[in-house]
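The chain contents come next:
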Amino acid sequence: MFSHFNFLIKAVIVVILSIFFVAFSALWYFSSGLPDYKKLESYEPPVSSRVYAGNGTLIAEYAIEKRLFIPYDSIPRQVINSFISAEDKNFFNHPGIDPKGIVRAVLNNFKNIANNKRLEGASTITQQVAKNFLLTNEVSLKRKIKEAILAFRIEKAYTKEKILELYLNQMYLGEGTYGIAAASLEYFDKSIKELSYSESALLAALPKAPSKYNPFKYYAEAKVRRNLVLKNLSENNFISRNELIEYTKEEINLKKRKIKLLK
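Residues numbered from 1 in each chain as written. Predicted model: local features only at pLDDT ≥ 70, side-chain atom pairs only at ≥ 80, totals over all residues. Heavy atoms only, no water.

Draft legend 1. Region of interest: the overall build of the protein. A tally of helices and strands in the protein yields 10 helices and four strands. Sequence-ordered secondary structure for the protein, helices as α and strands as β, is α-β-β-β-α-α-α-α-α-β-α-α-α-α. Among the 263 residues that make up the protein, the fraction classed as buried is 43%. Taking as baseline every contact in the protein between residues at least 6 positions apart, the subset at least 24 positions apart corresponds to 64%. (Helix = DSSP H or I, 4+ residues; strand = E, 2+ residues; numbered from the N terminus. Buried < 20%, exposed > 50% of the residue type's maximum accessible area, 1.4 Å probe, protein only. Contact = heavy atoms within 4.5 Å.)

Right, here's the structure in full:
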């Protein structure tokens with residue numbers, strides 16, 4: 001009996017060592033040739049060039065992408081809370097990937113497959129920064145592994161605030177806009193500091209599918225998605241139950257931004 005027990009111990013040790021060897025080999029393989037994440041330190045987004053009249057009126061704007069950079073310290077809390085609730089509620093606690101989110105997505109996807117629904121992703125905000133800045137949109141396991149490795153490295157090199165600043169200024173939000181500042185002007189003709197929770201929730205609803213939830217074209221779909229973000233805000237204790245009821249009843253009051261041309 002002792003010999004059987006001894007054999008079992010040796011077998012377990014061999015299996016554990018094999019797992020470590022395979023994991024180390026995979027890490028080494030996928031780590032080779034990864035983009036340099038340190039270049040995020042010198043990130044300079046291509047912002048719009050703006051022309052003003054002598055009285056301060058904006059008369060023209062030139063840009064390949066509609067984008068205005070805004071530092072983290074200038075981003076209001078309702079905007080931050082909305083995007084965290086929509087995209088990555090454990091952002092300030094995870095090391096780059098969210099194991100709980102992965103397990104939740106896997107379990108939900110079994111139901112989605114059975115009901116022929118769209119599959120859920122489990123990418124954290126940090127992983128999205130890695131993909132948007134350093135990788136491609138290729139749909140493959142290889143890219144996801146590289147994305148996860150880069151996410152760990154980015155988390156070690158930068159603060160959570162810096163990572164969130166990069167994300168909120170880089171992501172595409174539809175109507176040719178990149179980043180929250182440009183999107184706020186495009187959809188509401190407002191500075192982000194003027195946004196309410198319901199307006200912030202609408203912007204946070206867009207990264208998942210900017211075309212599908214474009215409120216100018218698909219108002220009903222955009223409102224449903226906005227209300228889902230508001231529900232998440234309530235569950236995360238950023239807004240009260242009464243505020244949730246109040247905000248979900250609000251219509252989406254869009255105001256297309258227009259530049260006044262002087263005659």
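Draft legend 2. Local environment of the pattern of salt bridges. In the structure shown here, the tally under the stated rule is 11 salt bridges. For K255, the salt bridge is made with D189, and the minimal N-O distance between the two is 4.0 Å. Placement of the pair is K255 in the segment after α10 (241-249) and D189 in the loop between α7 (180-188) and α8 (197-205), with a sequence separation of 66 residues. Linked by salt bridges that have partners in common, K66, E175, E186 and K256 make up one network. (Salt bridge = Lys/Arg side-chain N within 4 Å of Asp/Glu carboxyl O.)

Draft legend 3. Spatial organisation of the nonpolar core. Core analysis: the biggest nonpolar cluster contains 56 residues, and F83, I154, L164 and I180 have the highest contact counts within it. Excluding residues that lie within four positions of it along the chain, I180 makes contacts with I70, I75, V79, F83, L168, M171, L173, I192 and L203. (Core = buried A, V, L, I, M, F, W, Y, C linked by side-chain atoms within 4.5 Å.)

Draft legend 4. Up close: the confidence of the model for the protein. The predicted model of the protein averages 81 in pLDDT, with 71% of residues at 70 or higher. Within the model, the stretch residues 20-26 combines pLDDT values under 50 with zero contacts to residues more than four positions away or in other chains. (pLDDT = per-residue confidence, 0-100.)

Draft legend 5. A look at the packing of α8 against helix α9 (residues 219-235). Close contact between α8 and α9 brings their axes to 8 Å; oriented N to C, the two are set at 110 degrees. Accordingly, the angle class assigned to the pair α8 and α9 is roughly perpendicular. For the crossing formed where α8 meets α9, the hand is right-handed. Residues Y197, S198, A201, L202, A204 and A205 of α8 pack against A222, R225, R226, V229, L230 and L233 of α9. Class assignment for the residues of the contact of α8 with α9 results in nine nonpolar, one polar and two charged. (Axes fitted to C-alpha atoms, helices over the stretch in contact; angles between N-to-C directions. Parallel < 35°, antiparallel > 145°, perpendicular 65-115°, else oblique. Left-handed = near helix turned anticlockwise from the far one by under 90°. Nonpolar A, V, L, I, M, F, W, Y, C, P; charged D, E, K, R; others polar.)

Draft legend 6. Representation of the environment of L168. Relative to the assigned elements, L168 resides in helix α6 (residues 160-170). Looking at L168, the relative accessible area reads 0%, which means it is buried. For the pair L168 and I75, spaced 93 residues apart in sequence, the C-alpha to C-alpha distance is 9.2 Å. Contact partners of L168, with chain neighbours within four places excluded, come to I75, F83, G179 and I180.

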